[in-house]
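Chain residues, written in single-letter form:
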Amino acid sequence: MQNFNITIKRYNPSDSSVWDTFVDKAKNGTFLFKRAYMDYHAHRFEDFSLMILEKNKLIAILPANRKEKTLYSHQGLTYGSLLISTEVSQSLMLAIFDELKLFLKPFGFEKIYYKLVPAIYHKLPCEEDLYALFRHNAKLVVRNCSTAFCIQKSKISPKLRLSRISNYVEKYNLRYERHPNVDAFWFIIQENLMQKYGVSPVHSQTEINLLQSSFPQNIQAITVYADDKIVAGGVVYLVNEVAHLQYASVSPEGEKIYAGEFLYNLFIHKLFLDYRYFDFGISTEKGGKFLNEGLIAYKEKFGGHTIVYDHYEIPL
């Protein structure tokens, strides 16, 4: 193996501008790794983010937090692997993993919990870490199925019945509006999650509004009306070439008049045509061991196919 001069240091708030600049340049960076996004819930996690240099030049960062004896790819994020510059070769990535394990041991860590950034979010091919995980005997512990659409090429299933949607649009005057916050429809999302799953949204209403105000180009809130009544709404994250559905819900009245189908068809086939992919979100539970077949079949009707969100454990 080549010899590299690698140093690792913990992130400090004074590094925030350097960190954010690197996120923009990284092959697999997304706005979720900006400090304004990561730090809105900083009080919930013991941050242990790392900055990795080679010959004193920043080449990689790892958004992470500590919980007991495990270093986690940040638990406040859906995904979060090493973000790397274009200068990181495969050999250098192997060396980074070696140095990372050596760096963490004196802190009492026993393992790393590592969440890959799905490939559709990469700006350039970026799976150097996937090979390094294999070389370091990482164990795949979670594989969640999400449904993704190639926006320009997806073919809608005949099961969707677009003609029926059109009829409901005309009959009930279905229309949509973009909003600067989620206040208009957040109650629908809260009620549906509680009734169907007994849980609250990951973000509070205040938090999602704060994030949208911080990233207005990346986070969009869209509401569906039947005449003047709100019957559905959704939050979409615009990430590199991907429009990702973060939240969406339909009221009981909206379900009867196809407001959900109207909304999702808008997302996938009309509103985000400048993006390459639409990511509808996961349909698995229990770390991927259970597939909600009804949910994923519903999503597939719009023309989507499976991608996976993988999590690994690396022993130290």
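Scroll up a little and you will see the structure.
Report follows, based on the coordinates. (Residues numbered from 1 in each chain as written. Predicted model: local features only at pLDDT ≥ 70, side-chain atom pairs only at ≥ 80, totals over all residues. Heavy atoms only, no water.)

**Description of the packing of aromatic side chains**
What counts here: Between 30 and 60 degrees the pair is tilted, below 30 it is stacked and above 60 it is edge-to-face, where a pair is any two Phe, Tyr or Trp rings, Trp via its six-membered ring, whose centres lie within 6.5 Å. Per the convention used, a helix needs a DSSP run of H or I reaching at least four residues, while a strand needs a run of E reaching at least two, with both numbered from the N terminus. Note on exposure labels: buried denotes an accessible area under 20% of the residue type's maximum, exposed denotes more than 50%, and partly exposed covers the range between, all computed with a 1.4 Å probe on protein chains only.
For the coordinates displayed, the defined rule picks out 29 aromatic pairs. Ring geometry for Tyr79 and Tyr121: centres 5.2 Å apart, planes at 35°, overall tilted. One end of the pair, Tyr79, is in the loop between strand S6 (70-73) and strand S7 (83-84); the other, Tyr121, is in the loop between strand S8 (111-115) and helix H4 (128-135), with 42 residues separating them in the sequence. This pair shows no difference in class: Tyr79 is buried, exactly as Tyr121 is. Measuring from centroid to centroid gives 5.9 Å for Phe149 and Phe280, while their planes differ by 45°, and the two rings are tilted. Linking Phe149 in strand S9 (residues 139-150) with Phe280 in strand S14 (residues 277-282), this pair joins segments that are 131 residues apart in sequence. With respect to class, Phe149 is no different from Phe280; both count as buried.

**Here's the deal with the environment of Val23**
Counted only if it meets this: By definition, residues are in contact when any of their heavy atoms lie within 4.5 Å.
With respect to the element layout, Val23 can be found in helix H1 (residues 16-25). With relative accessibility at 2%, the residue Val23 sits in the buried group. Setting aside chain neighbours within four positions, we find Val23 in contact with Gly29, Thr30, Phe33, Lys34, Ile61, Leu83 and Lys123.

**Overview of the layout of surface pockets**
Rules: The method works on a 1 Å grid over the protein atoms by themselves. A cavity is a set of points holding a 1.4 Å probe that cannot get out, a pocket is an open set with protein on both sides within 12 Å along at least five of seven lines, and residues with an atom within 4 Å of a point line them. Grid points are joined across faces, edges and corners, and a volume is the space filled by probe spheres set on the points. Each residue gets one label: Ala, Val, Leu, Ile, Met, Phe, Trp, Tyr, Cys and Pro are nonpolar, Asp, Glu, Lys and Arg are charged, and the others, such as Gly, are polar.
Its volume calculated, the largest pocket comes out at about 1,600 Å³. Taken together, 49 residues form the lining of the largest pocket, with Leu193, Tyr197, Gln246, Tyr247 and Ile282 sitting closest to its centre. Element by element, the count of residues in the lining of the largest pocket is highest for strand S13 (residues 242-250), at seven residues. Its residues assigned to classes, the lining of the largest pocket shows 23 nonpolar, 20 polar and six charged. Looking at the second largest pocket, its volume works out to about 220 Å³. Along the walls of the second largest pocket sit 17 residues, with Leu116, Val117, Pro118, Ala119 and Glu127 positioned nearest its centre. Mapped by element, the contributors of at least two residues to the lining of the second largest pocket are H4 and strand S17 (305-315). For the lining of the second largest pocket, the element with the most residues is S17, which contributes four residues. Residues belonging to the lining of the second largest pocket are distributed by class as follows: 10 nonpolar, three polar and four charged.

**Considerations on the pairing of strand S12 (residues 229-239)**
Operational definition: If DSSP finds at least two bridges between two strands, the strands pair.
Within S12, 10 of the 11 residues are buried, which leaves it mostly tucked inside the rest of the structure. Across eight bridges, the pairing between strand S11 (residues 219-226) and S12 is antiparallel. Bridge pairing in S12 places Tyr225 opposite Ile230. Following S11, the chain reverses through two residues before pairing antiparallel with S12; Asp227 in that reversal takes a positive phi of roughly 55°. Across eight bridges, S12 lies against S13 in antiparallel orientation. The residue of S13 that forms the bridge with Val235 is Tyr247. Between S12 and S13, which pair antiparallel one after the other, the connecting turn spans two residues, and Asn240 there sits at a positive phi close to 55°.

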